[in-house]
Amino acid sequence: MAARRSPPPLYDVYLARVINIPPVQCHRAAATDDYKTKFLFFIAGYRPKLPGHCQWSLDAPEQDFPGAPFDLVINPISLPMQLAWNAAVAAFKEKFIAALVNGELIANGEHAATGVRRDLDPAEWTRTDLILHVRNGDLIEGRYIKHVRGSSNGDLIEYTQHVRWSTITLRAANQEQKLGRIDWDDWWKHEDDRRQQNRLPDKKAYLREAEPLIKERYGVNHVPPSELRRISAALYRGDPERPKRSKRKQPKLKG
C-alpha cells in the first residue's frame, strides 16, 4: 500500500496551474527581458513588472497593487513577456482561484487568530480586498485607509495588511482516499468532461500540460507516459470510453 503523502504547498500548485503551462511558457524563448526578470517569472512565478514580488490581488490580479494612491516604479517588459503575463493572469483566475471557489481544490491553512489548522470554506476566497502571497501560501486582507488630517501635507493614506490564513496547502476535492495513486478512471472522466466543453488544449501540448495536473491531483511524483499517451490518443480520436490495456495471453502449458 502506498504511503500517504502530505498535500502540496500552495506554491507548488500555483506553479503547476499558472506558470508551468504551455500558454505561458511558449513565450519564454522570444522574451528579450533581462535574465533575472525571465528567471523570476518563468521559473519562480514572480510578477514580471515587480521582480521579487509574489503577491496577487484576488480582486484584480492583472494589476500591480490595484488602488494604490501613489505611483509605483514598474519595470517595463517586452511584448512576449506581456503575452506570457496575460496568459498567467487568465490561468490564475480560471484554473486556480476558480478551482478554490467552486470546491475543486480544497485549501488547508493555519488561522492567524487562533493558530488552529483546518480547511478553508470556499466562500473565504470570494471576500474582497484579499491578497495572496503565493510563495509563502498566505491569504492576506489588505486595504488602503484614508486618515483625514488638517495640515498642509494633505490627508494621510495608510496601507494595512492582515494575515488571515498562513502556510496554506492544497489538495483536490477527491484526493482524500486516492493520494499517492493515479485513478485513471477518474482522470478519464475529468478529461472527457473537458472535451465535451471544448476546454482541452491543443493536441501537441496535451502531454506537457496534463502531467503536472495529474501529479497535483493525485499526489504522485511519476506519471506513466504510456498510459497518458493512450488516454491522449483516445481523447483526440473522440473515443467514448477510456481505452483499456489489453491483457497478455498466457502461453499454454504443454503436457
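Residues numbered from 1 in each chain as written. Predicted model: local features only at pLDDT ≥ 70, side-chain atom pairs only at ≥ 80, totals over all residues. Heavy atoms only, no water.

Just checking my understanding: could you explain the overall build of the protein chain for this structure?
A count of helices and strands for the protein chain gives seven helices and six strands. Traced from its N-terminal end to its C-terminal end, the protein chain shows the element sequence α-α-α-β-α-β-β-β-β-β-α-α-α. In the protein chain, buried positions account for 44% of the 255 residues. Of the contacts made within the protein chain by residues no fewer than 6 positions apart, 66% connect residues no fewer than 24 positions apart. (Helix = DSSP H or I, 4+ residues; strand = E, 2+ residues; numbered from the N terminus. Buried < 20%, exposed > 50% of the residue type's maximum accessible area, 1.4 Å probe, protein only. Contact = heavy atoms within 4.5 Å.)

It is not clear to me how the pattern of salt bridges should be interpreted in this structure. Could you clarify?
Where charged atoms from two side chains of opposite charge approach closely, those side chains can pair. Under the definition given, this model contains 17 salt bridges. Among the ionic pairs, Lys-95 bridges to Glu-209, the shortest N-O distance being 3.2 Å. With a gap of 114 residues between them, Lys-95 in helix 4 (residues 79–101) and Glu-209 in helix 6 (residues 206–218) connect regions that are remote in the sequence. According to the relative accessible area criterion, Lys-95 is partly exposed, its value standing at 30%. (Salt bridge = Lys/Arg side-chain N within 4 Å of Asp/Glu carboxyl O.)

Quick question: what am I supposed to make of the pairing of strand 4 (residues 130–133) here?
Two faces, one strand: in a regular strand the side chains alternate between the faces of the sheet. Where burial is concerned, the two faces of strand 4 agree: the one with Leu-130 and Leu-132 and the one with Ile-131 and His-133 are both buried. The pairing of strand 1 (residues 55–57) with strand 4 spans three bridges and is classified as antiparallel. Paired with Trp-56 across the strands is Leu-132, a residue of strand 4. (Pairing = 2+ DSSP bridges.)

So what exactly am I meant to see when it comes to unusual backbone geometry here?
Outside of glycine, negative phi angles account for most residues, and trans bonds account for most peptide bonds. The backbone phi angle of Asp-129 is positive, close to 65°, even though this residue is not glycine. Looking at where Asp-129 falls in the secondary structure, it is placed in the loop between strand 3 (117–119) and strand 4.

Can you help me understand the pairing of strand 2 (residues 105–111) in this one?
Where burial is concerned, most of strand 2 is hidden: five out of the seven residues are buried. Linking strand 2 back to strand 3 in an antiparallel pair, the connection comprises five residues, with Gly-115 at a positive phi of about 80°.

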